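Breakdown of the fold
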Amino acid sequence: MSEHDDKRPEENGDTRADQRDGNGESGNRLRRELPQEVSGPVSAAQDAPGPEPESEPEPEPEPKSEPQAAPGTGTGPESESQLTGRQRLVKGLWPPRVSRAQLIVALLLFGLGFGLAVQVASHSDSDSALRGARQEDLVRILDELDDRTQRLEDEKQGLEKQRDELENSSDQAEEARKQTIEKERQLGILAGTVAAQGPGITMTIEDTKGTVEADMLLDAIQELRAAGAEAIQVNGVRVVAGTYLTDSGKGVSVDGNKINAPYRFKVIGKPQDLEPALNIPGGVVQTLEKEQATVTIERSTKIVVDALRAVKRPDYARSSSQ
């Protein structure tokens, strides 16, 4: 065996010793850098004897050193796990963090509580007042409440009726316009500004002697109105509420318009009421016949009253709705 062969075992042994020393140094360095929980098992594993590798192991890369936190000041999961439940609750509540939504909810809750407090106070005041009232006062209060309830119920029924009428009308504006036109037509008939037609009678007075006076014709008009006449015309002059009659020579003047015999009355109304009203004993017909005048009455299903009066605007009277 050569000298080289003798030296080779020794060199090999030195190399393995250096490797063990290197591994020991790296193990110590890793033990210092790893956490305490891991250091124990790692050191035990390194101290355990094991078979020596036959071949030369490759050098392991040195791990990067990490900054170590000071003991007792860690902020990782380990430090949080060490806190108790009460400490975690205090840490979550303090310092307080108020958001805008929380502030709005707090204000709403405060307003709700204040309103409930006021309502409870008002109820307590009213209850205390009722407790101290006399029996007569309580009876009077109950009667007033019953009357008020009845009035409110009647008002409710009236409003419901009006609502039903408005709902049943397909076109409220058109219905109102039709009612306005109809009312205007009716008022125009009474005022003599609108022509009218309908059933009624025609009364003709022949005065050959000239004995018929204005007051006799006025009595006839009043009797016809009392019997339900709605429109009256005398010899082309429309009779209205303000019509007046006066004697004018051998004739009669109606609202300043002179008319002569024969006097023809066109009257719209119910013929069954108008004719008997003129023929009653001591009535218009008998009075005119005593004056030697001839009276003829004819019923008709259509009487046309076409004499019109000019629309006169009142000087002082105004509608109360304006």
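Note that the coordinates shown come from a computational prediction; the quantities given were computed from them, not determined experimentally.

Let's talk about the packing of helix H8 (residues 214-226) against helix H9 (residues 271-278)
- For the pair H8 and H9, the least separation of the axes is 9 Å and the interaxial angle reads 140°. Remark: the crossing between H8 and H9 carries right-handed chirality. Residues Ala220, Glu223 and Leu224 of H8 pack against Leu274, Ala277 and Leu278 of H9.
- Of the residues that constitute the contact of H8 with H9, the class distribution is 5 nonpolar, no polar and 1 charged.

A short note on a negative patch on the surface
- On the surface, Glu213, Asp215, Asp219 and Asp247 cluster together into a patch of negative charge.
- With respect to the helices, strands and loops of the structure, Glu213 is situated in the loop between strand S1 (196-206) and H8.
- Its relative accessible area of 38% is what places Glu213 among the partly exposed residues.

Things to note about the environment of Ala310
- Its location among the elements puts Ala310 in the segment after strand S8 (294-305).
- On a C-alpha basis, the gap between Ala310 and Thr193 in space is 6.3 Å, while along the polypeptide they are 117 residues apart.

Things to note about the sheet that holds strand S6 (residues 257-259)
- In spatial order, the strands read S4-S5-S6; together these 3 strands make up an open sheet with antiparallel pairing. Looking at the sheet topology across the chains shown, the edges are occupied by strand S4 (245-248) and S6. Taken pair by pair, the neighbouring strands of this sheet meet at an average axis angle of 35°, ignoring direction.
- Strand direction decides the pairing type here: S4 and strand S5 (residues 251-254), joined by 4 bridges, are antiparallel. Residue pairing in the sheet places Leu245 in a bridge with Val254 of S5.
- Taken strand by strand, H8 contacts S4 and S5, and its axis lies near 155° from that of S4.

Quick notes on a nonpolar patch on the surface
- A surface patch of nonpolar side chains, about 350 Å² in accessible area, is lined by Phe110, Phe114 and Val118.
- Here Val118 shows up in helix H5 (residues 100-131).
- For Val118, a relative accessible area of 43% corresponds to the partly exposed category.

Notes on the pattern of salt bridges
- Inspection of the entire model under this criterion finds 5 salt bridges.
- A salt bridge links Asp164 to Arg163; the nearest nitrogen and oxygen atoms lie 3.6 Å apart.
- Of the residues examined, Asp164 reaches a relative accessible area of 33% and is grouped as partly exposed.
- Among the residues examined, Arg163 registers a relative accessible area of 45% and is labelled partly exposed.

Let's talk about the confidence of the model for the chain
- The predicted model of the chain has a mean per-residue pLDDT of 75, with 67% of residues at 70 or higher.
- Considering only residues more than four positions removed or in separate chains, one finds that residues 1-13, a stretch of pLDDT under 50, has 1 contact.

Thoughts on unusual backbone geometry
- Following Ala261, the chain continues to Pro262 via a peptide bond in cis, the omega torsion being 0°.
- Structurally, the position occupied by Pro262 is in the loop between S6 and strand S7 (263-268).
- Although it is not a glycine, Asn235 sits at a positive phi angle of roughly 50°.
- With a phi close to 65°, Gln292 is a non-glycine residue in the positive phi region.
- With respect to the helices and strands, the residue Gln292 is situated in the loop between helix H10 (284-290) and S8.
- On the accessibility criterion, Gln292 (53% relative accessible area) is exposed.

Calculation criteria
Residues numbered from 1 in each chain as written. Predicted model: local features only at pLDDT ≥ 70, side-chain atom pairs only at ≥ 80, totals over all residues. Heavy atoms only, no water. Axes fitted to C-alpha atoms, helices over the stretch in contact; angles between N-to-C directions. Helix = DSSP H or I, 4+ residues; strand = E, 2+ residues; numbered from the N terminus. Left-handed = near helix turned anticlockwise from the far one by under 90°. Contact = heavy atoms within 4.5 Å. Nonpolar A, V, L, I, M, F, W, Y, C, P; charged D, E, K, R; others polar. Patch = residues over 30% accessible without salt bridge, like charges linked within 9 Å, V, L, I, M, F, W, Y side chains within 5 Å. Areas by Shrake-Rupley, 256 points an atom, 1.4 Å probe, with all protein chains shown as cover. Salt bridge = Lys/Arg side-chain N within 4 Å of Asp/Glu carboxyl O. Lys, Arg positive; Asp, Glu negative; His and termini not counted. Charge placed at Lys NZ, Arg CZ, Asp CG, Glu CD. Buried < 20%, exposed > 50% of the residue type's maximum accessible area, 1.4 Å probe, protein only. Pairing = 2+ DSSP bridges. pLDDT = per-residue confidence, 0-100.

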